[in-house]
Amino acid sequence: MRVSRWLADRWVMIVALLVLGYLALPILVVAGLSFNRPSSRLSYDFNEFTLDNWRQPCATSDMCDAVVRSVQIGFIATVVATVLGTLMAFALVRHRFRGRAGINVLIFLPMATPELVMGTSLLALFVSAGVPQGFWTIVIAHVMFCVSFVVVTVKARLAGMDRRLEEAAMDLYASEWQTFRRITLPLVLPGIVAAALLAFSLSFDDFIITNFNAGTTVTFPMYVWGAAQRGIPPQVNVIGTAMFAIALLLVGLSSLRGRRARRANLLAAAPAARPARRPS
Amino acid sequence: MTLLAPTGSGQAPPAPPAARSGRHRLLPYLLLLPGAAWLLIFFGVPLVQLAAASLYDPGGSLSTGYALTWAFGNYPDVVQAYWPQFLRSFGYAGLALVLALLLGYPLAYAIAQKAGRWKNLLLVCVVAPMFTSFLVRTLAWKTILSDNGALVGLLRDVHLLAPDGRLLATPFAVVLGLTYNFLPFLVLPLYASLERLDYRLLEAATDLYASPVQAFRRVTLPLSMPGLVAGTLLFFIPASGDYINAELLGTPNEYMIGNVIDSAFLVRLDYPQGAALSFLLMAAILAVVFGYLRRAGTEEVL
């Protein structure tokens, strides 16, 4: 009786934890397999513990080349998409202009279109225009699908900003540029950084659109796709685990910084509050 | 939610001061120009090009060149040849969506209403799978569902699976992979909606003698509708166009329309066919999305 009562109170949480387990399982398997010495090239089963994969992550040099290429593409695409997207976000939040609805549709559509359609249509364009496919066509494609996500992320940050801070700066004789540089930019920066991280991860992990526009250039996801047919080197799991660890570290650091900033704010506010609380 | 509501927060910015209006009237266009041009040239124009390619003469080839002959016959041809893969795509994506709702709703609800101080940690756990590569994660399912794996062994031992039964290379594996890969896209908008749910409304419902089921149906569910609609779309659109799960976890018997399109463009080099299939996929998804939005009665989500 008591057990069923306990279950009735907590079943939602129990289900939730089980689902989180389902979401976490493959990551644990990837981490485990990074220490595996597979019995054959085409085997996916755990065979024997080894540290070799971590000691020599670049034993298959094609794979490391592909990782480096993915980082290069991700970096260039992120910089371009972040600049273009941030400018658009400023225009949308800070200005009134004709054609706003059309621009919103143009930004929204790439997020709602299946990647398959974007990839094949770009391929059709490049082929009919006679553009040879490779590194730069991948960059073009990645910028295209990252821009919308940058706009949405930066826009959210800008829309939630207190405009009175800028007005105060202007009242104190800051020029428009000074206000932007000293007030606006620092306040929007977290949004821009978040957008850039999102863009990089989207670019680094993209397979479908890249696959149609890569020519003979091989990115990391394309390497994994090809290797799935020929046999996966266990170092792929090392890269997978390392990616996960780096992302987790970034999230941890940012939440730590956020907490410290909040605490600093509280401390700064405390002396001002004290006299009010102690009327003598 | 935010993804699907670019116009949502469009409160009008204050009018620019009249003195500088000349410069200010041009400024937004200058800010928009590079990004909008990029999207037009590399998103808009290609769609037109895809439409044109779908009407190419099917007799042409990449080496001899294609002629635009307005060959509308390409469409009935590809439907006739590949309707099973089309049906399978929407069938698998729909099945995965139902599974994802069963798993994702309790998860989103628990994080939003029951997690307390653990809320942020649990949210990180939801997004965590996306920290590592999509393909590497999907390959991990190959290990989990492997014929020699613990899961198959267990299921065989309790006779849920025949002694020679397998999980890998079955429709089950593909649906499971789709559910897993796109579940966070469903959970996050749903969480955003449920987080704003005022718990006192549920208490009020209970005070008025609503059973838990009634309270859920009449209070929680309607209030979570915007997140539910956004989440199902964010799940369904990529899931129905996916072909990685079908390729890695299934066999050609489980191939979805994406596999056919991939091979039409990259293996068989049959551009008219591939383009016609792509265009049909987009039309079908748009039809499903708009039909669904009308039924759900939340058109302001777009």
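Draft legend 1. Seen up close, the overall build of chain B. For chain B, the helix and strand inventory stands at 12 helices and zero strands. Taken from N to C terminus, the helices and strands of chain B fall in the order α-α-α-α-α-α-α-α-α-α-α-α. For chain B, the spread of C-alpha atoms along the three principal axes comes to 80 × 75 × 35 Å. In chain B, buried positions account for 42% of the 302 residues. For chain B, the proportion of contacts with a sequence separation of at least 24, taken over those separated by at least 6, is 69%.

Draft legend 2. Region of interest: the overall build of chain A. Along the backbone of chain A there are 11 helices and zero strands. Tracing chain A from N to C terminus, the helices and strands come up as α-α-α-α-α-α-α-α-α-α-α. Its C-alpha radius of gyration of 25 Å places chain A more than 25% over the 19 Å reference for a compact globule of 280 residues. Burial statistics for chain A: of 280 residues in total, 38% are counted as buried. Counting only contacts in chain A whose residues sit at least 6 apart along the sequence, the fraction spanning at least 24 positions is 78%.

Draft legend 3. Expanded view of the packing of helix 2 (residues 74-114) of chain B against helix 6 (residues 171-195) of chain B. Residues and elements named next belong to chain B. Contact geometry of helix 2 with helix 6 gives a least axis separation of 7 Å together with a crossing angle of 40 degrees. Between helix 2 and helix 6, the angle is such that the two are oblique. As for how helix 2 packs across helix 6, the hand of that crossing is right-handed. Looking at the contact of helix 2 with helix 6 residue by residue, the classes come out as 23 nonpolar, three polar and one charged.

Draft legend 4. Summary view of the interface of chain B and chain A. Residue-level contacts link 73 residues of chain B with 74 residues of chain A. Looking at side-chain class alone, the side of chain B that touches chain A contains 54 nonpolar, 16 polar and three charged residues.

Draft legend 5. Spatial organisation of helix 8 (residues 176-205) of chain A. Of all the bends found along helix 8 of chain A, the most pronounced is centred on Leu 185 of chain A and spans about 45 degrees, while Pro 186 of chain A, a proline, follows it within four residues. Residues of helix 8 of chain A that are buried include every one of Val 188, Gly 191, Ile 192, Ala 195, Ala 196, Ala 199, Phe 200, Leu 202, Ser 203, Phe 204 and Asp 205 of chain A, and no others. On its buried side, helix 8 of chain A packs onto helix 3 (61-94), helix 6 (135-159) and helix 10 (220-230) of chain A together with helix 4 (134-144) of chain B.

Draft legend 6. Layout of the packing of helix 7 (residues 164-171) of chain A against helix 8 of chain A. All names here are of chain A. Two elements in contact, helix 7 and helix 8, have axes separated by 10 Å at closest approach and are oriented at 145 degrees. Here helix 7 and helix 8 pass one another in a crossing that is right-handed. Mapping the contact onto sequence places Leu 165, Glu 166, Ala 169 and Met 170 in helix 7 and Thr 179, Arg 182, Ile 183 and Thr 184 in helix 8. Across the contact of helix 7 with helix 8, the residue classes tally to four nonpolar, two polar and two charged.

Draft legend 7. Helix 6 of chain A, seen in detail. Residue and element names in this part refer to chain A. The end-to-end C-alpha distance of helix 6, which contains 25 residues, comes to 36 Å, matching closely the 36 Å that a straight helix rising 1.5 Å per residue would cover. The largest bend in helix 6 is about 30 degrees, located at Cys 146. Counting buried positions along helix 6 gives 19 out of 25 residues, so the element sits mostly inside the fold.

Draft legend 8. Spatial organisation of the confidence of the model for chain B. Residue and element names in this part refer to chain B. Averaged over chain B, the pLDDT score is 86; the fraction of residues at 70 or greater is 90%. Below pLDDT 50 for its whole length, residues 1-20 participates in 31 contacts with residues either more than four positions away or in separate chains. Interface confidence in the predicted complex, given as ipTM, is 0.85; pTM for the same model is 0.86.

Draft legend 9. Spotlight on the environment of Ala 228 of chain A. Considering the arrangement of structural elements, one finds Ala 228 of chain A in helix 10. Given 19 C-beta atoms within a 10 Å radius, Ala 228 of chain A is considered partly exposed. C-alpha of Ala 228 of chain A to C-alpha of Leu 42 of chain A: the two residues are 186 residues apart in sequence and 8.2 Å apart in space. Excluding residues that lie within four positions of it along the chain, Ala 228 of chain A makes contacts with Leu 139 and Leu 248 of chain B.

Draft legend 10. Just the environment of Tyr 271 of chain B, in detail. Within the fold, Tyr 271 of chain B resides in helix 12 (residues 271-296). In this structure, the C-alpha to C-alpha distance between Tyr 271 of chain B and Tyr 243 of chain B, residues 28 residues apart in sequence, is 18 Å. Once residues lying within four places of it in the same chain are set aside, the contact partners of Tyr 271 of chain B are Ala 124 of chain A together with Ala 53, Tyr 56, Leu 62, Tyr 66 and Phe 265 of chain B.

Draft legend 11. Local environment of unusual backbone geometry. Here the phi dihedral of Tyr 173 of chain A falls at roughly 70 degrees; this positive angle occurs in a residue that is not glycine. In this structure, Tyr 173 of chain A sits in the loop between helix 7 and helix 8. On the neighbour-count criterion, Tyr 173 of chain A (7 C-beta atoms within 10 Å) is exposed. Positive phi, normally seen in glycine, also occurs at Ala 169 of chain B, with a value near 65 degrees. Of note, Ala 169 of chain B is situated in the loop between helix 5 (150-157) and helix 6.

Draft legend 12. Quick peek at the confidence of the model for chain A. Of all residues in chain A, 95% attain a pLDDT of 70 or more, and the chain-wide mean is 88. Confidence, expressed as mean pLDDT per element, reaches its minimum in chain A at helix 11 (residues 235-277) of chain A with 77 and its maximum at helix 9 (residues 208-213) of chain A with 95.

Draft legend 13. Quick peek at the environment of Leu 161 of chain B. Mapped onto the elements of the fold, Leu 161 of chain B is located in the loop between helix 5 and helix 6. If near-sequence neighbours (up to four positions away) are discounted, Leu 161 of chain B is found in contact with Val 152, Leu 155 and Arg 156 of chain B.

Calculation criteria
Residues numbered from 1 in each chain as written. Chains lettered and ligands numbered in written order. Predicted model: local features only at pLDDT ≥ 70, side-chain atom pairs only at ≥ 80, totals over all residues. Helix = DSSP H or I, 4+ residues; strand = E, 2+ residues; numbered from the N terminus. Buried ≥ 20, exposed ≤ 12 C-beta atoms within 10 Å, placed from the backbone. Contact = placed C-beta atoms within 7 Å. Rg over C-alpha atoms; globule rule 2.2 N^0.38 Å. Axes fitted to C-alpha atoms, helices over the stretch in contact; angles between N-to-C directions. Parallel < 35°, antiparallel > 145°, perpendicular 65-115°, else oblique. Left-handed = near helix turned anticlockwise from the far one by under 90°. Nonpolar A, V, L, I, M, F, W, Y, C, P; charged D, E, K, R; others polar. Bend = angle between axes of the 7 residues up to and from the residue. Expected span 1.5 Å × (residues − 1). pLDDT = per-residue confidence, 0-100.

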